[in-house]
Amino acid sequence: MSFEKFSAEIGKLFLDENDMNQTQIRIKDYLNNKSDKLKDNETVDSFFGKLQEKAAADFKIIKKHYDFKVNKDEKRRQVQEIFFPENLLDYEKTAKDIRKKRRVRITQKSESQIKNPYKEILITANALLTMPEDADNLPDDFMEKIDFNEKQKYWYDHPVPIDAPDSENEIIYGLKKLNESISVETDEKVTVVLSVSCTHDSLNTIAKDYLREILKNYKLDRINVYAFTEDDVDKMLSLIFPGDNASYSNIKETIGVQGKYGRHYSFLKAVAAFWKYYVDSSIKGVFKIDLDQVFDQTALIKFTGKYAFENFKDDFWGASGTDSNGEEVRLGMIAGSLVNDYDIDKSLFTPDVKKPEMHEMAYDKFIFNSQKPQYISTVAEMGTRYKKGDNPVIRYHVTGGTNGILVEDLISYKPFTPGFIGRAEDQAFILSVIDKKVDGKYLRYYHSDSLVMRHDKHSLVKRTIEKSETSKMVGDYERILLFSYYVDKILNKYDYVKEEMFPFTACFISKIPYIIIYFRALLKAYSLAEANETDAKNFLLNLSERLNAVIDYIDNSSYYKQYFKEKQAWEEFYNHFDEYKIFPGSFISSLSVTG
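Since we're looking at a predicted model, the values are computed, not measured. (Residues numbered from 1 in each chain as written. Predicted model: local features only at pLDDT ≥ 70, side-chain atom pairs only at ≥ 80, totals over all residues. Heavy atoms only, no water.)

Participant: Tell me about the packing of helix α19 (residues 469-490) against helix α23 (residues 533-555), and please be specific about residues and values.
Facilitator: For the pair α19 and α23, interaxial distance at closest approach is 9 Å and the crossing angle is 25°. Our classification of the angle between α19 and α23 gives roughly parallel. Crossing handedness for the pair α19 and α23: right-handed. Within the contact between the two elements, α19 uses T470, S471, M473, V474, G475, Y477, E478, L481, L482 and Y485 and α23 uses N538, F539, N542, L543, R546, L547, V550, I551 and I554. (Axes fitted to C-alpha atoms, helices over the stretch in contact; angles between N-to-C directions. Helix = DSSP H or I, 4+ residues; strand = E, 2+ residues; numbered from the N terminus. Parallel < 35°, antiparallel > 145°, perpendicular 65-115°, else oblique. Left-handed = near helix turned anticlockwise from the far one by under 90°. Contact = heavy atoms within 4.5 Å.)

Participant: Outline the side chain of E478, listing residues and values.
Facilitator: Topologically, E478 is positioned in helix α19. Apart from residues no more than four positions distant in its own chain, E478 is found in contact with K260, G422, R546, L547 and V550.

Participant: Requested: an account of helix α5 (residues 91-102), with residues and values cited.
Facilitator: Between the first and last C-alpha of α5 there are 17 Å, a value that for 12 residues agrees with the 16 Å anticipated at 1.5 Å per step. Where the residues of α5 are buried, they touch α14 (371-382), β10 (394-395) and α20 (494-500). (Expected span 1.5 Å × (residues − 1).)

Participant: Talk me through the pattern of salt bridges; I want residue IDs and the actual numbers.
Facilitator: Across all of its chains, the model carries 39 salt bridges by this definition. With its nearest N and O atoms 3.5 Å apart, the salt bridge here joins R330 to E408. Of this pair, R330 sits in strand β9 (residues 328-340) while E408 sits in helix α15 (residues 407-413), placing them 78 residues apart in sequence. Relative accessible area serves as the criterion here: at 39%, E408 is assigned to the partly exposed category. In this structure, a network of salt bridges that share partners links the residues D187, K219, D221 and R222. (Salt bridge = Lys/Arg side-chain N within 4 Å of Asp/Glu carboxyl O. Buried < 20%, exposed > 50% of the residue type's maximum accessible area, 1.4 Å probe, protein only.)

Participant: Just give me the short version of the nonpolar core, but keep the residues and values in it.
Facilitator: Ranked by size, the top nonpolar core spans 192 residues in total, and within it F48, F83, F228, F274 and W275 carry the most contacts. The residues contacting F274, other than those within four sequence positions of it, are F228, M236, I240, V279, F577, F583, F587 and I588. (Core = buried A, V, L, I, M, F, W, Y, C linked by side-chain atoms within 4.5 Å.)

Participant: Give a detailed account of the packing of helix α2 (residues 22-31) against helix α22 (residues 513-531), specifying residues and quantitative values.
Facilitator: The interhelical angle for the contact between α2 and α22, taken along N-to-C directions, is 160°, at an axis separation of 9 Å. Judged by the inter-axis angle, α2 sits roughly antiparallel to α22. Considering only the axes of α2 and α22, their crossing is left-handed. When α2 is examined against α22, the residues T23, Q24, I27, K28, Y30 and L31 are found in contact with a partner set consisting of Y518, F519, L522, L523, A525, Y526, A529 and E530.

Participant: Provide a residue-level description of the environment of S202, including the pertinent values.
Facilitator: Inspection of the secondary structure assignment puts S202 in the loop between β4 (190-198) and α9 (207-215). Separated by 247 residues in sequence, S202 and D449 place their C-alpha atoms 42 Å apart. If near-sequence neighbours (up to four positions away) are discounted, S202 is found in contact with M131, K145, I146, D147 and E150. Of note is the side chain of S202, whose polar atom sits 3.1 Å from the backbone nitrogen of D147. (Polar contact = N/O pair within 3.5 Å; in protein donor to acceptor, adjacent residues only side chain to side chain.)

Participant: Could you give an account of the packing of aromatic side chains, with specific residues and numbers?
Facilitator: Tallied over the entire structure, the rule returns 55 aromatic pairs. Judged by centre distance (5.0 Å) and plane angle (80°), the ring pair of F274 and F583 falls under edge-to-face. Within this pair, whereas F274 is found in helix α12 (residues 261-278), its partner F583 is found in the loop between α24 (558-575) and α25 (585-591), the two being separated by 309 residues in sequence. With respect to class, F274 is no different from F583; both count as buried. (Phe/Tyr/Trp six-rings, centres within 6.5 Å; stacked < 30°, edge-to-face > 60°.)

Participant: Explain α23 to me, and be specific about the residues and the numbers.
Facilitator: The end-to-end C-alpha separation of α23 is 32 Å, in line with the 33 Å expected for 23 residues at 1.5 Å each. The principal kink in α23, of about 25°, is found at L547. Here α23 has its buried residues at A536, F539, L540, N542, L543, S544, R546, L547, V550, I551 and I554. Against α2, α3 (42-62), α19, α22 and α24 lie the buried residues of α23. The N-cap of α23, judged by a side-chain oxygen 2.9 Å from the amide nitrogen of T534 a few residues on, is N532. (Bend = angle between axes of the 7 residues up to and from the residue.)

Participant: Account for the environment of K313, with residues named and values stated.
Facilitator: As for its placement among the helices and strands, K313 is situated in the loop between α13 (297-304) and β8 (320-322). The exposure class assigned to K313 is partly exposed, which follows from its relative accessible area of 35%. For K313, the residues in contact, after removing those within four places along its chain, are Q113, I114, K115 and P117.

Participant: Describe the environment of I411, and please don't skip the residues or the numbers.
Facilitator: For I411, the location among the structural elements is in helix α15. Overall, the relative accessible area of 15% leaves I411 in the buried class. Along the primary structure I411 and L540 are separated by 129 residues, whereas in three dimensions their C-alpha atoms are 43 Å apart.

Participant: Describe the side chain of E86, and please don't skip the residues or the numbers.
Facilitator: Note on placement: E86 falls in the loop between α4 (72-83) and α5. In this structure, E86 is buried with no salt-bridge partner, the nearest side chain bearing the opposite charge being K498 at 4.0 Å. Setting aside residues up to four positions removed in sequence, E86 forms contacts with K372, P373, K498, P503 and C507. (Lys, Arg positive; Asp, Glu negative; His and termini not counted.)

Participant: Give a description of the pairing of strand β13 (residues 441-455) that names residues and reports values.
Facilitator: Among the 15 residues that make up β13, 15 are buried, leaving the element largely enclosed by the rest of the structure. Two strands pair when backbone bridges link them, and strand β7 (residues 293-294) and β13 are joined in this way by two bridges, in the antiparallel orientation. Bridging across to β13, V294 finds its partner in R454. Pairing of β10 with β13, which is carried by two bridges, proceeds in the antiparallel orientation. Looking at the pairing, R395 lines up with Y445 of β13. With two bridges connecting them, strand β12 (residues 437-438) and β13 associate as antiparallel partners. Counted as the bridge partner of K437 is Y442 from β13. The antiparallel hairpin formed by β12 and β13 contains two residues in its connecting segment, where D439 sits at a positive phi of about 55°. (Pairing = 2+ DSSP bridges.)

This is the structure:
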C-alpha cells in the first residue's frame, strides 16, 4: 500500500461526495493525487510539498495497521486508532482511572506553609500588546516610536491593541478585578509583577509608558504593580550578573519576556526568586493568573466557604507523599481550576470545557480531536472534589493562569519552559523536570479543589478572540510538532511522558506528527471552506508560513541545541540565589506602573 493510495482513502472516508466550491474541489483533488497544487500560492504549495514528504515517511510506521478490505465504519475506527486513539476512550471509565492513578498518599504536610498570603505570595501575569486598530487614536509621542511597517514577529491568543477602549482592555480589567477581590479579604497590599510581551518589537519602546497611561485614572489601592519589558529584564540580569562572562551571556540570551509564550512564562515564575532575594525576603511563593480571570469572592464563599487567598495557606502545598507508582513526590506546585463566566450561576465547579457531541465528529476530528481528552482530563483532574480526610490528587493538566510554585522548589528543581514553545507553555513547564528527583522526590502539582477563578474572556474580549482565531488554530498544529519533538527527541522520554501525562497533554505527543498535521490540516481547510473559502485560504497560508520555519528548526537541530543551552542558563540562574542581597531601589522604582 502506497502513501498516495492511503491519501485517496482518507478523502473517500471523510470528505463529502458533492463539493460546494472550488477550494473544496482543490483539496479533494490534492488528496486524490490528481493535482500537485493545493492553492495558487507558492508559499502554500511549497510547504505542503515538503510536509507531504515527511507525512509519507511517517506513513511507513503505520501502514501495517490499516486494512483496505474492511467496511467503511471499521476503516474509520482504524484511522482513529492509528491517529488519535483518545477518540475511542470511554469517558467515565477513563476519568475514574485517572483519578485513581493521580492520587497521592500524604506522608508529611508542608513545613513551609504560607501564613500570610498577601505578603508571602507574588502574583504574576502577562500583558500582551499588539498594534493599534487605528493609529490615529495614539498620542504623537507613541506614533513617533512605533514602526508601523514592521512585520509581526510573535502570535498570542488575544493581545490588547494599544488603542483598545478601556471597556475592552484586558489589562485594565484584570488588575481592577484583582484589586477588588483583594479588598474583600484584607486591607493589606499585594505585589503584582507583569511581564510585557509585544507582537511587534517596536511596541516595546512605548510599553511601560502605555501601561502607566491606561492605569493612571484607576484606584488600585490593594496592589502594587511592577512591569518588566525586555529592556528591564536585561537591566536586572546585568545587575545580578555583571561583566562579559560567557555563562552570563547565555543567561541574558535565555531569560526575558519578549518572544513566544514559553519565554515569558518561565520568567513569570523565575522572577519570584529574584524578588525574594533582592527585593522582599518575605516572598515564599509565586502564583500566576491571566488577566481575563477573576477571583469571584461571592461565589467562592458560597461554594467553598473560603476567600481566594485563603487557599494559599493550604498545608498540602509543599507536602510530601507517595504516588500510585510508589514513587516519592513533593507537591511544591499548586493548581486551581476555571469556570466560565456564563456557567458560574449553575456552580463554581462547572467544567470550563464542554463535552464534545457525537454530531461534531466530522472531517479533521477523526484525525485529531483534542476536545475529548481535554474534557476527560478536566473532569478527572480539575473536577476532583475532596471529602474530609481525602488524600489529594496530582495535576498535569494545568492552565496558563491559576497555578503557582514555592520559591524553594523553583531553586531546587529549576523548571522552565523552552523559549521555542508557543502554546501550552503551562503544561510544558513541568516537562523539563518530569523525571528529576531532588532528595529522592519528583516535583508535582497539588490540585486545590477550592481554588477556582472565573474566566471572563468570552464576554470581555470576544472581538479580539475572533480576530486571532486563525492564529490560535495554527498554534495547535505547532504544538503537535513541538511537543512531539521535545518529548521524543530532546528529552528522550516518549513512553514515560505519554503514560504519565495521559490523556490531554499526552495527546499532542506522537511518533507520527507530520502525517497527523498533513491530513488534519487538509480536512480542516475543507471544513472551513464549507462556510467561507477565504477563511480556509487564510488558514492554509498562516499554517504554511509559521510551520515551515518550525520544521526547518527541527531539521537543523536548532531547538535541540537551544534546549540544552537554556537548561544550562536556568541552572546557573537559580544556583545564584543562596543569600539575600540589596538591589538598587531606583531600578525597582522604575518598574512601577501604578504610582
